[in-house]
Amino acid sequence: MIVDEARWFYENLKSIPSERLTPLLNVGAQDEHYRTAVQPWIGEFVTRPLQARGVEVINLDITAAPGVDLVGDLLDPEFRDHVRALGISSVMCCNVLEHVPDPRGFAQALAMLVPSGGHLILSVPHRFPHHPDPIDNGLRPTPSELTDMFPDLAAVTTALIDGGTIARYAVATIGSRLRARRTPASTRPSGGATDITQVLRLAPWLFRRLEISCAILVRE
């Protein structure tokens with residue numbers, strides 16, 4: 001997640017009553033270290049402000065890790081039924097749709113979890129280099145193309161966020177990595193240089209502007 005993207009969500013989630021958001025399923029949440037140390041702006045602008053309002057955030061990822069509450073694949077109907085039984089009110093899925101083999105199928109699975117009156121909070125890169133995690137399917141929608149993937153939901157607000165440059169992102173990420181080194185090694189995941197290595201491979205993009213498509217949808 002880009003810092004400006006996190007700030008956009010912070011400002012635009014303020015107007016949604018907490019009871020319409022909780023519990024919120026955070027899909028593709030990654031581990032707690034990533035959310036609080038590698039990209040600390042996720043915690044600063046998104047998860048902690050929501051939790052301060054009393055919104056329960058349930059972190060889901062396909063890989064077990066510290067800070068992941070649910071582990072599974074939403075394309076698995078049995079697992080999806082298990083998630084639905086938790087009484088989810090809203091779903092957040094940021095920068096995930098470009099990393100799944102079937103983005104439209106995954107979009108349908110997300111929509112199925114949103115109840116009447118619930119919200120779907122989304123972001124996908126629009127102008128961004130190839131970044132496999134573990135794959136990059138090439139999805140780069142405009143905000144309107146993103147909302148079109150969810151025909152049963154209505155758009156509350158959308159935006160095309162200017163995310164600055166890869167150079168700016170690299171400075172922020174490397175800085176957070178250096179600060180994270182103060183964390184005891186036993187609480188940090190191994191392979192911590194991976195993100196920095198990936199950033200360095202993006203040299204051709206260093207000074208090109210990044211853009212992120214963001215949307216908040218509702219099931220009326």
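The paragraphs below set out a description of the structure included in this document. What you see is a predicted model, and the numbers here were worked out from it, not measured in a lab. (Residues numbered from 1 in each chain as written. Predicted model: local features only at pLDDT ≥ 70, side-chain atom pairs only at ≥ 80, totals over all residues. Heavy atoms only, no water.)

**Quick look at the overall build of the protein chain**
Rules: Numbering goes from the N terminus for both helices and strands, where a helix is a DSSP run of H or I of at least four residues and a strand is a run of E of at least two. Only heavy atoms enter the contact rule, under which two residues are in contact if any of them lie within 4.5 Å. Note on areas: Shrake-Rupley with a 1.4 Å probe; residue coverage comes only from the protein chains shown.
Check the secondary structure of the protein chain and you find eight helices and seven strands. Expressed as a percentage of contacts within the protein chain between residues at least 6 apart in sequence, the contacts between residues at least 24 apart total 80%. Entry remark: accessible area of the protein chain is about 10400 Å², with carbon and sulfur atoms responsible for 53%.

**Re the pattern of salt bridges**
Two side chains of opposite charge can pair, provided their charged atoms sit close to one another. This is how it is decided: Salt bridges are identified by distance alone: a Lys or Arg side-chain nitrogen within 4 Å of an Asp or Glu carboxyl oxygen. When a residue's accessible area, from a 1.4 Å probe over protein chains only, is under 20% of the maximum for its type it is buried; when over 50% it is exposed; and in between it is partly exposed.
By the definition in use, this model includes four salt bridges. Residues aspartate 136 and arginine 140 are paired through a salt bridge, measuring 2.7 Å at the closest nitrogen-oxygen approach. Taking the relative accessible area as the measure of exposure, aspartate 136 reaches 11% and is therefore buried. A salt bridge links aspartate 162 to arginine 209; the shortest N-O distance between them is 3.1 Å. Placement of aspartate 162 in strand 6 (residues 154-165) and of arginine 209 in strand 7 (residues 209-218) is noted, with a sequence separation of 47 residues between them. The exposure class assigned to arginine 209 is partly exposed, which follows from its relative accessible area of 41%.

**Points about the environment of tryptophan 205**
On the secondary structure map, tryptophan 205 appears in the loop between helix 8 (194-200) and strand 7. For the pair formed by tryptophan 205 and proline 129, sequence separation is 76 residues and the distance between their alpha carbons is 7.1 Å. Tryptophan 205 has contacts with Arg127, Phe128, Pro129, Ile166 and Leu210, leaving out every residue within four places of it along the chain.

**What to know about unusual backbone geometry**
Of note, the amide linkage connecting threonine 22 to proline 23 takes the cis form, showing an omega dihedral of -5°. Looking at the element boundaries, proline 23 is found in the loop between helix 1 (3-13) and strand 1 (24-27). For glutamine 30, which is not glycine, the phi torsion reads 60° and is therefore positive. Its location among the elements puts glutamine 30 in the loop between strand 1 and helix 2 (32-38).

**Digging into the packing of helix 1 against helix 3 (residues 40-52)**
Definition in use: Fitted lines through C-alpha atoms give the axes, limited to the stretch in contact for helices. The angle between two N-to-C directions lies from 0 to 180 degrees. Roughly parallel here means an angle under 35 degrees, roughly antiparallel means over 145, roughly perpendicular means 65 to 115, and every remaining angle is called oblique. The hand of a helix crossing depends on one turn: near helix anticlockwise from the far one by less than a right angle means left-handed, and clockwise means right-handed.
Two numbers describe how helix 1 lies on helix 3: the axes approach to 8 Å, and their chain directions differ by 20°. Taken together, the axis directions place helix 1 and helix 3 in an arrangement best described as roughly parallel. Where helix 1 crosses over helix 3, the handedness of that crossing is left-handed. Contacts between helix 1 and helix 3 pair Val3, Ala6, Arg7, Phe9, Tyr10 and Leu13 from the former with Trp41, Phe45, Val46, Pro49 and Leu50 from the latter.

**Focus: the side chain of arginine 80**
Selection rule: The sign given to each residue is positive for Lys and Arg and negative for Asp and Glu; His and the chain ends receive no count.
Among the structural elements, arginine 80 can be located in helix 4 (residues 77-84). Buried and unpaired, arginine 80 has no salt bridge, with aspartate 81 as the nearest side chain of opposite charge at 5.6 Å. The residues touching arginine 80, leaving out its near neighbours within four places in the chain, are Leu74, Leu75, Ala109, Met112 and Leu113.

**Re the side chain of arginine 140**
Defined as follows: Polar contact is the term for a pair of N or O atoms within 3.5 Å; when the atoms are in protein, one must be able to donate a hydrogen and the other to accept it, and sequence-neighboring residues count only if both atoms are side-chain atoms.
By secondary structure assignment, the location of arginine 140 is in the loop between strand 5 (119-127) and helix 6 (143-148). Overall, the relative accessible area of 19% leaves arginine 140 in the buried class. Of note is the side chain of arginine 140, whose polar atom sits 3.1 Å from the backbone oxygen of proline 129. The contact partners of arginine 140, leaving out residues within four places of it in the chain, are Glu98, Pro125, His126, Phe128, Pro129, His130, His131 and Glu145.

**Here we look at the sheet that holds strand 5**
This is how the line gets drawn: By definition, two strands form a pair when at least two bridges between them are found by DSSP.
Strand order in this open sheet of seven strands is 3-2-1-4-5-7-6, and the pairing throughout is mixed. Two strands bound the open sheet, and with one partner strand each, they are strand 3 (70-71) and strand 6. Relative to strand 3, strand 2 (residues 57-61) runs parallel, the two sharing two bridges. The residue of strand 3 that forms the bridge with aspartate 61 is valine 71.

**Describing the packing of aromatic side chains**
The description of an aromatic ring pair uses the distance of the two centres, along with the angle that the planes make with each other. Heads up, the condition is: Think of it this way: a Phe, Tyr or Trp ring, Trp meaning its six-membered ring, pairs with another when their centres are within 6.5 Å, and the plane angle makes it stacked under 30 degrees, edge-to-face over 60, tilted otherwise.
For the coordinates displayed, the defined rule picks out two aromatic pairs. Centroid distance tryptophan 8 to phenylalanine 9: 5.2 Å. Interplanar angle 75°. Geometry classified as edge-to-face. For phenylalanine 9, a relative accessible area of 0% puts it in the buried group. Seen in terms of ring centroids, tyrosine 10 and phenylalanine 45 are 6.2 Å apart; in terms of plane orientation they differ by 65°. Their pairing is edge-to-face. Placement of tyrosine 10 in helix 1 and of phenylalanine 45 in helix 3 is noted, with a sequence separation of 35 residues between them. What makes phenylalanine 45 buried here is its relative accessible area of 14%.

Don't take any of this as a statement about function, it's just geometry.
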